[in-house]
Amino acid sequence: KQEVTQIPAALSVPEGENLVLNCSFTDSAIYNLQWFRQDPGKGLTSLLLIQSSQREQTSGRLNASLDKSSGRSTLYIAASQPGDSATYLCAVKQNSGYALNFGKGTSLLVTP
Amino acid sequence: SAVISQKPSRDICQRGTSLTIQCQVDSQVTMMFWYRQQPGQSLTLIATANQGSEATYESGFVIDKFPISRPNLTFSTLTVSNMSPEDSSIYLCSVGQGRQPQHFGDGTRLSIL
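Definitions and limits used
Residues numbered from 1 in each chain as written. Chains lettered and ligands numbered in written order. Predicted model: local features only at pLDDT ≥ 70, side-chain atom pairs only at ≥ 80, totals over all residues. Heavy atoms only, no water. Buried < 20%, exposed > 50% of the residue type's maximum accessible area, 1.4 Å probe, protein only. Helix = DSSP H or I, 4+ residues; strand = E, 2+ residues; numbered from the N terminus. Pairing = 2+ DSSP bridges. Axes fitted to C-alpha atoms, helices over the stretch in contact; angles between N-to-C directions. Lys, Arg positive; Asp, Glu negative; His and termini not counted. Salt bridge = Lys/Arg side-chain N within 4 Å of Asp/Glu carboxyl O. Contact = heavy atoms within 4.5 Å. Disulfide = S-S within 2.5 Å. Core = buried A, V, L, I, M, F, W, Y, C linked by side-chain atoms within 4.5 Å.

Visitor: Could you give me a rundown of the pairing of strand S3 (residues 19–25) of chain A, with the residues and numbers involved?
Guide: Residues and elements named next belong to chain A. Residues of S3 alternate between two faces, with Leu19, Leu21, Cys23 and Phe25 buried on one and Val20, Asn22 and Ser24 left unburied on the opposite face. In this sheet, S3 lies alongside strand S1 (residues 4–7) in antiparallel orientation, the contact comprising four bridges. Across the sheet, residue Thr5 finds its bridge partner in S3, namely Ser24. Looking at chain direction, S3 and strand S8 (residues 72–77) are connected through six bridges and run antiparallel. Bridge pairing in S8 links Ser24 to Arg72.

Here is the structure:
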């Protein structure tokens, strides 16, 4: 059974810092990996999707990497802003299924 | 990307009652997914709903407790039956298949008294 772990569980940084969120998974037979953002009281917003054959994806100040063989992904946020404060979720889709397996998320607070 | 609307956005219900959550998508999709997010926990898949067939439930979830309808390619409902305080969660509808990203609705925040 796929287990997805996110470290750290919570993170507080001052505005302007670059930061890295970590995601690990136990079964490397993944189809793709997706990073989401969840604001309080809201649903999930898709940030980046990395296919199993890809090493990284970039969108604006966000960069996600994937090392499938070691079961790891990182989400890099450059020049953090208070508006980046949210919970960030990592989810993997297996080769053998359709649904996503989620980590518990990293709660990020960016202070002015 | 698909736009997903969920109703209601939140509700407070009495123990023993049932609530039906609606999910509407702005485009036709083959598969729709229902997830639950309990307080402080990650998202867990309840079931997968395909149009024209019975929903497929994950381990720990049963049709009698969470009946699902999928009458067409843009709409699905999830009913939470005979509710207890343990059912207090966020329920989310999702679409996406193959190499495409999955997209989620804003969720339904359910509290059981």
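That shown, we press on.
Visitor: Describe the sheet that holds strand S6 (residues 56–59) of chain A, and please don't skip the residues or the numbers.
Guide: Residue and element names in this part refer to chain A. Pairing within the open sheet is antiparallel, and its five strands lie in the order S1-S3-S8-S7-S6. This sheet does not close on itself; its edge strands, each paired only once, are S1 and S6. Shown here is a sheet whose adjacent strand axes are inclined to one another by a mean of 15°, direction ignored. Taken together, the six bridges between strand S7 (residues 62–67) and S8 define a ladder with antiparallel strand orientation. Residue Asp67 lies in a different strand from S8, and its bridge partner there is Arg72.

Visitor: Give a detailed account of the side chain of Arg36 of chain B, specifying residues and quantitative values.
Guide: Residues and elements named next belong to chain B. Tracing the backbone shows Arg36 in strand S4 (residues 31–37). Asp87 is the oppositely charged side chain nearest to the buried, salt-bridge-free Arg36, at an N-O distance of 4.5 Å. With sequence-adjacent residues up to four places away left out, Arg36 is seen in contact with Ser42, Leu43, Thr44, Ile46, Phe61, Phe66, Asp87, Ser89, Ile90 and Tyr91.

Visitor: Which residues make up the state of the cysteines, and what values go with them?
Guide: For the coordinates displayed, the defined rule picks out two disulfides over all chains. Covalently, Cys23 of chain A is tied to Cys90 of chain A through a disulfide, its sulfur atoms 2.0 Å apart. Of note, the bridge from Cys23 of chain A to Cys90 of chain A carries an S-S torsion of about -60° and is left-handed in sense. With Cys23 of chain A in strand S3 and Cys90 of chain A in strand S9 (residues 86–94), this pair connects stretches of sequence that are 67 residues apart. According to the relative accessible area criterion, Cys23 of chain A is buried, its value standing at 2%. Across a sulfur-sulfur distance of 1.9 Å, Cys23 of chain B and Cys93 of chain B are joined as a disulfide pair.

Visitor: Before we move on, could you go through the pattern of salt bridges and cite the residues and values that matter?
Guide: Under the counting rule described, the total for this entry stands at four salt bridges over all chains. Linking Glu3 of chain A and Lys1 of chain A is a salt bridge whose minimum nitrogen-to-oxygen distance equals 3.8 Å. Between Asp87 of chain B and Lys65 of chain B there is a salt bridge, with its nearest N and O atoms 2.7 Å apart. Here the residue Asp87 of chain B occupies a position in the loop between strand S8 (75–80) and strand S9 (89–95), and Lys65 of chain B occupies one in the loop between strand S6 (56–57) and strand S7 (68–72), the gap between them amounting to 22 residues. Each member of the pair, Asp87 of chain B as well as Lys65 of chain B, carries the same accessibility label: buried.

Visitor: Please provide a residue-by-residue account of the nonpolar core, values included.
Guide: Within the largest apolar cluster, 26 residues are counted, with the highest numbers of intra-cluster contacts made by Trp34, Ile46, Phe66, Ile68, Leu78, Tyr91 and Leu110 of chain B. Looking at this core element by element, the count peaks at four residues for strand S3 (residues 19–25) of chain B. Sequence-distant contacts of Phe66 of chain B, that is, excluding residues within four places in its chain, are made with Arg36, Ile46, Tyr57, Phe61, Leu78, Thr79, Val80, Asp87 and Tyr91 of chain B. Counting 22 residues, the second-largest nonpolar core is a separate cluster that includes Val13, Cys23, Trp35 and Leu62 of chain A.

All quantities given are derived from atomic positions and should not be read as evidence of function.
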